[in-house]
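Working through the structure, step by step
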Amino acid sequence: MAVIETAGPVHIDQARRRQTLVIGWLLIALAVFVAVVFGAEAYGDATFRLALPGDMIALPNLVVPAAPYNYVVAALLAFFGARQFMRGAARRASLFLGIGLFLAVTTFLVWATAGKEFSLTGMLEATVVRAVPIALGGLVGTLSERVAVVNIGIEGMLLSGAFTGAIVGSLAGGWIGLVAAIIVGGLMGLALGALVITYRVDQIIAGVAINLFALGLTSYVTSQVLTVHHQLNNAPIFGAVDIPLLSRLPIVGRVLFQQNIFVYGAAIIIAAATYYLFHTRSGLRARAVGEHPEAADTLGINVYRVRYINVTVGGMVAGFAGAWFTLGSVGRFDINMTNGRGFIGLAAMIFGRWHPVGALMAALVFGFADSLQQKLAILQTPIPSEFLAMAPYIATIVLVAGLIGRARPPAADGKPYIKD
Amino acid sequence: MRQETLSEEALTRAAVSRFDFEQLAIVPVLAVVVAMILGGGVMLATGVTVPMIGQAYLALFDGSFGSLAAVSETLTAAAPVTLAALGIALGFRAGLFNIGAEGQMIVGGLAAVTAGFSFHGLPLVVHLPLALLAGMLAGAIWAAVPGWLKAATGAHEVITTIMLNLIAVQLTSFLLRNPPLQKPGRHDPISASVLPSAQLPKLLTWIDPGLRLNAGIIITVLMVILVYWLLFRTTLGFEFRASGLNPPAARYAGMRSGLIIVVVMAIAGALAGLAGANQVLGVLGRASPGFTGGAGFNAIAVALLGRSHPVGVLLAGILFGALDAGGRQMQVMAGVRIDLIAIIQSLIIVFVAAPLLMRAAFPWAFGFNARRQGGR
Amino acid sequence: MDIELRGITKRFGSLVANDAINLKIRAGEVLGLLGENGAGKTTLMNTLSGLYRPDEGTIVIDGKETRFEGAGDAIRAGIGMVHQQFMLVPVFTVAENVVLGVEPTGRFDHLDLAKARQQVKAISAEHGLDVDPDAVIEEVPVGIQQRVEIIKVLFRSADVLIFDEPTSVLAPQEVTEFFGIVRSLRDAGKALVFITHKLHEVLEVADRINVLRAGKVVGERDPKSATEAELAEMMVGRAVRFQVEKVPAHPGRPLLETSNLAALDEREEIAVDGVDLAVREGEVVGVAGVQGNGQTELVEALTGLRPPVRGTVSLLGQDITRASARERHRLGIAHIPEDRQRAGMIGEFDIAENMVLDSYYDEPYSHGMIMDWAAVHNVCVKNVIDFDVRTPSIYSLADHLSGGNQQKLIVARELSRDVKLVIAAQPTRGLDVGSIEYIHKRIIAARDAGVGVLIVSTELDEILALSDRILVMFRGRIAGAFAAGEASLSEIGLAMAGATA
């Protein structure tokens, strides 16, 4: 009788192994760095102010003896690093890297604050605020790339939203300004969709064109009209809205429950987007369009329409996020005020593995770096602020290069869908 | 059943189709015209009266080609953007999106300015090439890094080059606020001035000392010829084009795609770095934040408009130089802000990159039926 | 459900893919739709399943004229198509793939995956199609993926099931299982259409056969009385010879030898698992096997495009295991790649540029770094005439050539130089019969001139026609070796399924 062989595939996970070792060396290098730079040069205690006026309980200051703390963390990092070289380490490699990086950042803070005082809660509050445009920008990119449309034009869409919010807000008040910004953002999204889906413009080029157009148009109108008619560039700012009771909790209260509607709106939008993408029928179809548009087509799903809808809704989110720059922050529009935040949003999207919540986490990290940069100037640290500003960019490059984990975008990303 | 024997002469007859001509000539020209018209529309919407629009466009033409001074300004502005665009076009040919020309220009300019003020007592024939080479080298490295990352890890060059652009801006701020680059005695971010022995000589000062045209334009034309020769007459150019059109086929033919990516990016970066050096050594004499004037981004439009062909890029670069020079005149004479030019430029990109759109909107300009393909 | 296609015509530019086709599909019957590559079978079925709209003609369902505006309409009408290339989203689970497009939902558009799983299990049980609803598609073997496609179609209450070349990815054992499923679906009252170009399969499973040629229906036959030769003649329009005329081989010394060769695939899993093979001068060695058993990776390892992880490759005794593709090319190895559009030529290059695609870096086509285009053009003209590449000019873009002429261009490029060994992967895939015959003739001519030829093909008929020795690959290993004329089809088929009798 014939015998049928059933040989299974042999898994040789070379990439995983290499990655684990890289992370191991990285952690050990980090440990040495922390010990030598942060541990040795830390004098005195770092005092972190946690309480703010209005808290229901006034927390005492967190006092950390700088040098001992840093040496302990360095030892811990070295241990994590050494662990990577043992068998079975691959499974938790990314987790330990994340924890290690977090601890390293705390040592940096401790070192910078050694001998001085510093409002930790204030910085956390600023982190959340700064994270809003980045997280939403990342969401815009996610919504678009999940249906396989690369959106480089987030920067231009944010700028358009900011501009519209400022002008319409000056004329008709904050709420109408906000609605107008959302509509204009949606129109920009629609334009990107039309260019890319119907007219088959290369997606990168379309994004670059949208950025240039938005920058040009907003700069032109600002310098041509707004410098003369100041009253058109004087929008109201949405103030902070206290959530009763919760806002008086120590630390969390100020950070999470005493923000303006942009922060609350962002949280709601991100939650809604997550539900949409992963728990609804439309979300399943959208993701199918992004992974295998031909399959979706054969099942009667209108690939073009799904792409249009997602990109336009993404544009609306961008409009809302853009309005934050004016209606949620300074109330007037300055030329190029988004200053690259749209691109950081792209980075957050990649970091977050094309998941709305992932992008939020990444945005918080970037926002933290951003507010840290400001505080460092106050603390008079010897590190130039520019290097801290560079950190998110370098981190994105490292991630995109797959040096720590492979970032896998939707399979059909970047390719137009052409039906015969 | 064999057809009659093919004659050798018949086989070597060139095969040029009408489609090619449309792509190469009609679309770009139409794009520019439509963009200008829409620009007029924007002006109308912001309260500029129709006669003023006419004045504005007249000033635009006058400021770009209306006098020797105008032509001098046009070519001065054209040189850096053309150089950077040559690099981007080369990248496009090899299938790479080098959005990082701006960052490469920046580091090229910084390196050139550093070489420009650091060496005393060198003759022009040594110092100037040295400074130019410094700029090219810096740009090449800044581009080779994302190239190497793409070759080694597959990291998409759009993201990495965008990030490097942002890093370059921060780097500029840092370097220009500290010695050794910062000009001694100043607290604002501005570099020390380039020594006369490293400056690109002005070409037309014997006619009128105020004319700014510098030798950079000669270098630009030389580079156009060099890039043409490289692309179409060398084995390296053959490999670039093959890799850009069909990477798997190039690989199967034995071409080392990783090496090609790095080499193309390095050359593109060198060209962009040269553009930055040109700006610093020929026009400004020093570096300060924003010294590129966004030329690295405009260069993308120029490369697209020029259909990634060196000669096309030169023509498109001159056009953009004209828009730049004319735009300044327009602002002075007609009071229309120069930012309008950015709008026109972005519209040109859209129209050139969307031939289907042009065909749908202007079917009479094209030979065959405007069949609208795409969504319902 | 009975369907009639009346006068269906579909054009793509100047090409008439379907020309006034009349076809009847009846419930409880398996219709075999036979035709060679390019006859118009897939186009016709894409029209029936709503992906294309016919330029002329109508679709009549149970006596009523119907028009489909898209795939959704056809699905709703009860027509289900199982495509040749599976339409499954790799990162989704089985259940998600099955319900995509007709998902069970709750409030607020909530996707009810629990219900989806249940429904998949129900259909699984009813038709004996065993699958795990939570398995991720890209991790599941091809035979299971096909079952998922069938469940997909049944999930949509299809009464008509169309299978487009369903056995092209299955081993002979899996094919038998598949035919069992087809028969049980027929007995359950479904109408089935079975598109193929494989004569013996259609004779085995169909109740009625329609033959398509060049966009027209050329005849209907009863499988009980039809012969393979008759059907083949209808398919190509003239008497077909199954054998290429050739003299017996006189093999010389060993040319290519591999020892325990192993290589990984894209997913870093073993694809070539310890292969020992040899090709001698003046002989044709054919490697048969179902697609996906490591043939692609084997060819890449032999041509220098994929570094082996174990073992050696040598040419005339010289170790070339680590040699680059270019070095192997210089040593006299020619490679005809399996996907000409993707890897064999550059569509937007002209014919002259394509002719020197893998030799441009050497004299006389270039001197150092400078290309000598005059020399290129001279050689190109000569080759185009020698190898019968039909083109108006050597400056025409390769894209403008027909498939057959593109392949002839590649064959011209590879065989016109001084080569010792030719490695040809799927050399006649998707070509018209005239081109296939021409290329087979050139391969035998090369063999007779003393060149060693290694052919890798999933078309068993081609292997049998050309080879002096036949190897069968299964799961990365050589599962059988036969001399031509010694092996029976069933022996080879069993080896292809991994069975060792």
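Quick caveat: nothing in here was measured; it's all calculated off a predicted structure. (Residues numbered from 1 in each chain as written. Chains lettered and ligands numbered in written order. Predicted model: local features only at pLDDT ≥ 70, side-chain atom pairs only at ≥ 80, totals over all residues.)

Observations concerning the overall build of chain C
Note the cut-off: Only DSSP runs of H or I covering at least 4 residues are called helices, and only runs of E covering at least 2 are called strands; the numbering of each starts at the N terminus. Here the globule rule reads 2.2 Å times residues to the power 0.38, and the radius of gyration is calculated from C-alpha atoms. Three classes are used. A residue is buried when 20 or more other C-beta atoms lie within 10 Å of its own, exposed when 12 or fewer do, and partly exposed in between, with C-beta atoms placed from the backbone. Working definition of a contact: two residues with C-beta atoms, positioned from the backbone, lying within 7 Å.
Within chain C one finds 17 helices and 23 strands. The globule rule puts the C-alpha radius of gyration for 501 residues at 23 Å, and the 25 Å found for chain C is close to it. Taken over the C-alpha atoms alone, chain C extends approximately 70 × 50 × 45 Å along its principal axes. Within the span of chain C, comprising 501 residues, buried residues form 50% of the whole. When contacts within chain C are restricted to residue pairs at least 6 apart in sequence, long-range pairs at least 24 apart make up 68% of them.

Some words on the sheet that holds strand S4 (residues 56-61) of chain C
Residues and elements named next belong to chain C. Formally: We treat two strands as partners when DSSP finds at least two bridges between them. Here an angle of 0 to 180 degrees is reported between the N-to-C directions of two axes, which are lines fitted to C-alpha atoms, with helices fitted over the stretch in contact.
What the four strands build is an open sheet, ordered S2-S1-S4-S5; its pairing is antiparallel. The open sheet is flanked by strand S2 (15-25) and strand S5 (64-66), the only strands paired with a single partner. Between one strand axis and the next, the sheet turns by 30° as a mean value, whatever way the strands run. When strand S1 (residues 3-12) meets S4, the two strands line up antiparallel, connected through five bridges. Along S4, the bridge assignment pairs Glu 4 with Val 60.

What to know about the interface of chain C and chain B
Keep this limit in mind: In this count, Pro and Cys sit with the nonpolar residues alongside Ala, Val, Leu, Ile, Met, Phe, Trp and Tyr, while Asp, Glu, Lys and Arg are called charged and the others, Gly among them, polar.
The partner chain B presents 23 residues to the 33 residues of chain C that form the contact. Secondary-structure elements contributing two or more residues to the side of chain C that touches chain B are helix H10 (325-330), helix H11 (340-344), strand S18 (370-371) and helix H13 (373-386) of chain C. In terms of residue count, the dominant contributor to the side of chain C that touches chain B is H13 of chain C (four residues). Its residues assigned to classes, the side of chain C that touches chain B shows 19 nonpolar, eight polar and six charged.

Focus on the environment of Val 357 of chain A
Residues and elements named next belong to chain A. By the element assignment, Val 357 lies in helix H14 (residues 356-379). Between the alpha carbons of Val 357 and Leu 158 there is a distance of 20 Å; along the sequence they are 199 residues apart. Apart from the residues within four sequence positions on either side, Val 357 is in contact with Ile 270 and Thr 274.

Comments concerning the pairing of S4 of chain C
As defined by bridge partners, S4 of chain C adjoins S5 of chain C across three bridges and the pair is classed as antiparallel. Looking at S5 of chain C, one finds that Val 60 of chain C is bridged to Glu 65 of chain C.

Some details on the domain arrangement of chain C
Often, the extent of an interface is quoted as the loss of accessible area upon association of its parts. Spelled out, the test is: The start and end points of each domain follow an automatic or database-based domain assignment.
For chain C, the assigned domains are domain 1 (3-236), domain 2 (243-332 + 420-501) and domain 3 (341-417). For domain 1 of chain C and domain 2 of chain C, the distance between their C-alpha centres works out to 33 Å.

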